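Commentary on secondary and tertiary structure
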Amino acid sequence: MTIQEQAGLLAEEASLFACPVCGEAMEMTGSSLRCAKGHSYDVAKPGYVNLLRNPPSTRYDKSLFVSRRKLMEDGLFDSLLDRLAERIQANEAPQESSGSAPRLLDAGCGEGSPLVRLQERLAGRAGLELLGVGVDLAKEGIRLAARSSSRTVWCVGDLANSPFRDGSFRYILSLLSPSNYAEFRRLLEADGLVLKVVPQADYLQELRARLYGDSLRPEEEARQAADWFRQHFQLADEETVRYSFPVREETWSELLAMTPLAWKATAEQLAEVRQSPPAEVTVSMRILAGRRPG
Ligand SMILES: [Zn+2]
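Description of the structure in this document. Just so we're clear, the structure is a prediction, and the values are computed from it rather than from any experiment.

Rules used in this analysis
- Residues numbered from 1 in each chain as written.
- Predicted model: local features only at pLDDT ≥ 70, side-chain atom pairs only at ≥ 80, totals over all residues.
- Heavy atoms only, no water.
- Core = buried A, V, L, I, M, F, W, Y, C linked by side-chain atoms within 4.5 Å.
- Buried < 20%, exposed > 50% of the residue type's maximum accessible area, 1.4 Å probe, protein only.
- Contact = heavy atoms within 4.5 Å.
- Donors = N, O, S within 2.8 Å, 3.2 Å for Na, K, Ca; no water.
- Tetrahedral: all angles 85-135°; square planar, octahedral: opposite > 155°, others 65-115°.
- Helix = DSSP H or I, 4+ residues; strand = E, 2+ residues; numbered from the N terminus.
- Pairing = 2+ DSSP bridges.
- Phe/Tyr/Trp six-rings, centres within 6.5 Å; stacked < 30°, edge-to-face > 60°.
- Lys NZ or Arg CZ within 6 Å of the ring centre and 35° of its normal.
- Salt bridge = Lys/Arg side-chain N within 4 Å of Asp/Glu carboxyl O.

Comments concerning the nonpolar core
- Ranked by internal contacts, the top residues of the largest apolar core, which has 52 residues, are Leu76, Phe77, Leu80, Leu84, Leu118, Trp154 and Leu255.
- Residues contacting Leu80, with those up to four places away along its chain left out, are Leu175, Val197, Val241, Tyr243, Met285 and Ile287.
- Grouped together as the second largest cluster of nonpolar side chains are 38 residues, Ala7, Cys35, Phe184 and Leu288 included.

So, in structure tokens, the structure goes:
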């Protein structure tokens, strides 16, 4: 998106935002979102708004996001995104169209391609136009995301103090990202749906095996994540999505570059592992769908 396109979209959707400093409503003035008390947030190139005053330091640098994007383009998460699209579609089917497009927040959207690809699936197969809103702490991720031509609001922001008004989203997606459930509950429409994607013990087990010998993540992690979810939302349904993804030579380097799994490895370990790509890797996720407790 260009700066002008993003500014136009933000002007239409200004009612979505609340000032992260004072909580006041915001409106677009020129190329800035501005609250009644005068806090102002500029739209920047290539087309996103930065609502963070003090950006944190992070290990999620640009090269990591570039690797993730290539893997998404290769289709690493396509089958997962198919299922998410079907789940959303099933939720929409009985609802009367209310005129304005339902909003879908990707909380911790990184470089944005999962959100864009999900929007494309919904529009293409179901004729369902959702307004995508991608937010992430990492500016490098959002800058990359904003290069897409998708009609999506992109913002750098903090989910713990998120710059949106109550009940703004029909859907909130949290894909392999830390979640702030108190904020999710605040942001969700009364009959909205939270979709939490939790990696399972065998997710990328081939990579783990080569790096650390033991191939499985602790079962406990996935279980705790599911329990934590159920404490905050009424579980509507859950399912496991599991498939093998064929690894090409380039894909393997990207996989090593994109995952925090490799951060603990030494340079020697990484160099060695790079030489021995598996034929395929396992993608294994649990999708938890939840609603606000009554
Ligand atoms: Zn303000």
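From this point, the narrative continues.
Focus: the coordination of the zinc ion
- Every protein donor of the zinc ion is accounted for by Cys19 (SG), Cys22 (SG), Cys35 (SG) and His39 (ND1), and the metal-donor separations fall at 2.1 to 2.3 Å.
- Coordination at the zinc ion is tetrahedral: its four donor atoms span angles of 102 to 116° at the metal.
- Spacing between the donor residues of the zinc ion along their common chain follows C-x2-C-x12-C-x3-H. With Cys22 in the loop between α1 (3–12) and β1 (26–29) and His39 in the loop between β2 (32–35) and β3 (40–44), the pair connects residues that are 17 residues apart, well separated along the chain.
- Residue Cys22 is classed as partly exposed on the basis of its relative accessible area of 27%.

A word on the pairing of strand β5 (residues 103–107)
- Burial analysis of β5 places five of its five residues in the buried class, which makes it a mostly covered element.
- Residues Arg103, Leu105 and Ala107 line one face of β5 and the alternating positions Leu104 and Asp106 line the opposite face, and both faces are buried.
- Sheet topology places β5 next to strand β6 (residues 131–136); five bridges connect them, and they run parallel. Each residue of the ladder has a partner; that of Arg103, found in β6, is Leu131.
- As paired strands, β5 and strand β8 (residues 169–175) are joined by three bridges and run parallel to one another. The partner of Leu105 across the bridge, within β8, is Ile172.

Remarks on the packing of aromatic side chains
- Within this structure, the stated rule accounts for six aromatic pairs.
- Aromatic pair Tyr181 and Phe233: ring centres 5.4 Å apart, planes at 90°, arrangement edge-to-face. Remark: Phe233 occurs in the loop between α8 (219–232) and β10 (234–246) and Tyr181 occurs in helix α6 (residues 181–187); sequence separation between them is 52 residues. Considered together, Tyr181 and Phe233 belong to a single accessibility category, that of buried residues.
- What links up through ring pairs into an aromatic cluster is the set Tyr181, Phe184, Phe229 and Phe233.
- Lys264 extends its terminal NZ or CZ atom over the ring of Tyr212, reaching a point 5.9 Å from the ring centre.

Section: the pattern of salt bridges
- This structure, assessed with the given rule, holds 23 salt bridges.
- Arg103 is the salt-bridge partner of Glu13, the closest N and O atoms lying 2.9 Å from each other. Of the two residues, Glu13 is situated in the loop between α1 and β1 and Arg103 in strand β5; the sequence distance between them amounts to 90 residues. Grouping residues by exposure puts Glu13 and Arg103 together as buried.
- The salt bridge involving Glu86 is made with Arg83; its shortest N-O contact spans 2.0 Å. Highlighted residues: Glu86 and Arg83, both in helix α3 (residues 78–92), separated by three residues, approximately one helical turn.
- A single salt-bridge network, built from bridges that share partners, covers Asp78, Asp82, Arg117, Arg121 and Arg125.

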